[in-house]
Amino acid sequence: MLALLIPGPKEPGNEIDLFLRPLVEELKLLWHSGVRIKDALTNTFFTMKAMLLWTINDFPACSSLLGWSGKGYRACPNCNEDTPSYRVTNKFFYVGHLRFLDASDPLRMSLKFNGQPETRPAPRHFNDEDIQEELLRKSGKHPKTLKENMDRQGFELNWSKRSIFFELKYWSSLQLKYNINVIHVDKNVVEGVLGTSMMNDKRRDTSNAREDLRNLNIRCNQWLQKKDGFGSNISKKVVDNDTNILGLKSITITFLCNVENMRKAKEDIIRVLCKLELIYPPTFFDIMIPLVLHLPNEAIVGGPICMRWMYPFESCQEVRQYIEKFKSEHPESDKKTEFPNWFLEKMEIENSPEFHKELSNLSMGSQMDVYTYTVCIVNDVRFMVLSRDAKRTTQNSGVVAVGENGEKYYGQLEEIMEVQCPYDYSTVIFQCKWFDTGDIPDDNFISINTE
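In what follows, the accompanying structure is described. (Residues numbered from 1 in each chain as written. Predicted model: local features only at pLDDT ≥ 70, side-chain atom pairs only at ≥ 80, totals over all residues. Heavy atoms only, no water.)

### Regarding the pattern of salt bridges
Applied cut-off: The rule for a salt bridge is simple: a side-chain nitrogen of Lys or Arg has to be within 4 Å of a carboxyl oxygen of Asp or Glu. For helices the rule is a DSSP run of H or I covering at least 4 residues; for strands it is a run of E covering at least 2, with both sets numbered from the N terminus onward. The cut-offs for exposure are 20% and 50% of the maximum accessible area for each residue type, with area from a 1.4 Å probe on protein chains only; residues under the lower value are buried, those over the upper are exposed, and the others partly exposed.
All told, the structure shown has 12 salt bridges when counted by the stated rule. We note a salt bridge from E81 to R124, for which the minimum N-O separation is 3.2 Å. Of this pair, E81 sits in the loop between α2 (59-66) and β4 (86-88) while R124 is found in the loop between β5 (91-93) and α3 (128-137), placing the two residues 43 residues apart along the sequence. Exposure remark for E81: the relative accessible area of 28% places this residue in the partly exposed category. Where salt bridges share partners, they join R21, E25, K28 and E167 into one cluster.

Written out as structure tokens, the structure reads:
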């Protein structure tokens, strides 16, 4: 397609559209008339057409591409003008997650959060017609400073421009235009939680944060006191005389979820965030925290996360050595745009000593077909899904997984799926229902309600 390096000591910000202009012109050509190319396999010519499905980026890049400023009262592009936010001591924080609960939920009437019940409706869903109307209301001048953005009132929303991608006729009709890279959200949220709990250099519970509670006149039991601190005692992975956590790394959990599971996940996320509001100071809730709320919606529309994140090229340890090699050989090249093709070419050379079938499989990605089964044999053990076990006297749907520290997790197998990959590789995935067993007694017997 188009690979480019944007010169200069600073990122282009809203002026990124100038650099995207050649790409957009090519996308217009590929959508309207297409290009005539040759199929090397059949030795025939055909007209290829293509479209931009979505972008994958971190939150600052999303702000530049979307044209929605990620700062100020309305920093969340999904919540738009309904973004729940407050400003204290020249800082913005994003609390008020009770608002996302159902109107009849009794937790909305709790006075523990700010002394008042939550009566505001949940943030609205803004469709394309709403967005286009907002863009028409935009004055056309985007703020040059953060202060100008903070002082916006009324209908002067966070739109700083009309994205160049709207020139593509199909762009407005796409339900999911921008994917927030899950890795970056995960990293920021985890660092915030653990950093604050461990009171290390990434903590967000400071004397100013406690003073904010006093200024807001909420949670007086957490107001700053002499020699006050805020932290939990995490005994594992902590070195004496050091408040930093060792061995912290990103992990991948492979699973496939249906729409109902994602909706349930969003409900659970809302309640977790509400509970965190009672524990952490308001300054803990920067804009990265509420972004977690919208990840299930992205999964419902966009499908499996493997197609919508940069994990294989940013965090996979097996690929890390190739990333370092690419950087050393091409120090001036853009890793995000040029490394995937470079990596694919490396893995396609089967006679090369670097060739590895599994890494080659990773470079090409998985197929979209997923096969489901009711029975699967693993290590000579037969597993059956719960729905099939319900009709049998013998039971084979029980599963157990052992954690890093030897702890055991028990559950029931609900679905067996197989993801097909090149080179006849495949991955079998178990979707399970897990149970909270609590402390298991010495005799290793415990009663669990599986309903």
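There's plenty left to go through after this.
### Concerning the packing of aromatic side chains
The condition is simple: Two rings from Phe, Tyr or Trp (for Trp, the six-membered ring) form a pair when their centres sit within 6.5 Å of each other. Planes less than 30 degrees apart are called stacked, planes more than 60 degrees apart edge-to-face, and all others tilted.
In total, this model carries 12 aromatic pairs according to the counting rule given. For the ring pair Y73 and F92, a centre distance of 4.6 Å and an interplane angle of 85° mean the geometry is edge-to-face. In this pair, Y73 is assigned in the loop between α2 and β4 and F92 in strand β5, connecting sequence segments 19 residues apart. Residue classification places Y73 among the partly exposed positions, given a relative accessible area of 27%. Ring geometry for F326 and F339: centres 5.6 Å apart, planes at 70°, overall edge-to-face. You can see F326 sitting in helix α11 (residues 317-329) and its partner F339 sitting in helix α12 (residues 335-348), a full 13 residues away along the chain. We note that F326, like F339, is buried.

### Digging into the nonpolar core
We apply this condition: The criterion is simple. A nonpolar core is a set of buried Ala, Val, Leu, Ile, Met, Phe, Trp, Tyr and Cys residues joined through side-chain atoms within 4.5 Å. By definition, residues are in contact when any of their heavy atoms lie within 4.5 Å.
Formed by 53 residues in total, the largest nonpolar core has its most connected members in F165, L168 and W171. For this core, the secondary-structure elements that each account for two or more residues are α1 (16-32), α2, β5, α3, β6 (178-180), α7 (259-277) and α8 (288-291). Residues in contact with L168, not counting those within four places in the same chain, are V24, L27, K28 and L52. In terms of nonpolar packing, the next biggest core, distinct from the first, is built from nine residues, V319, W342, F343 and L359 among them.

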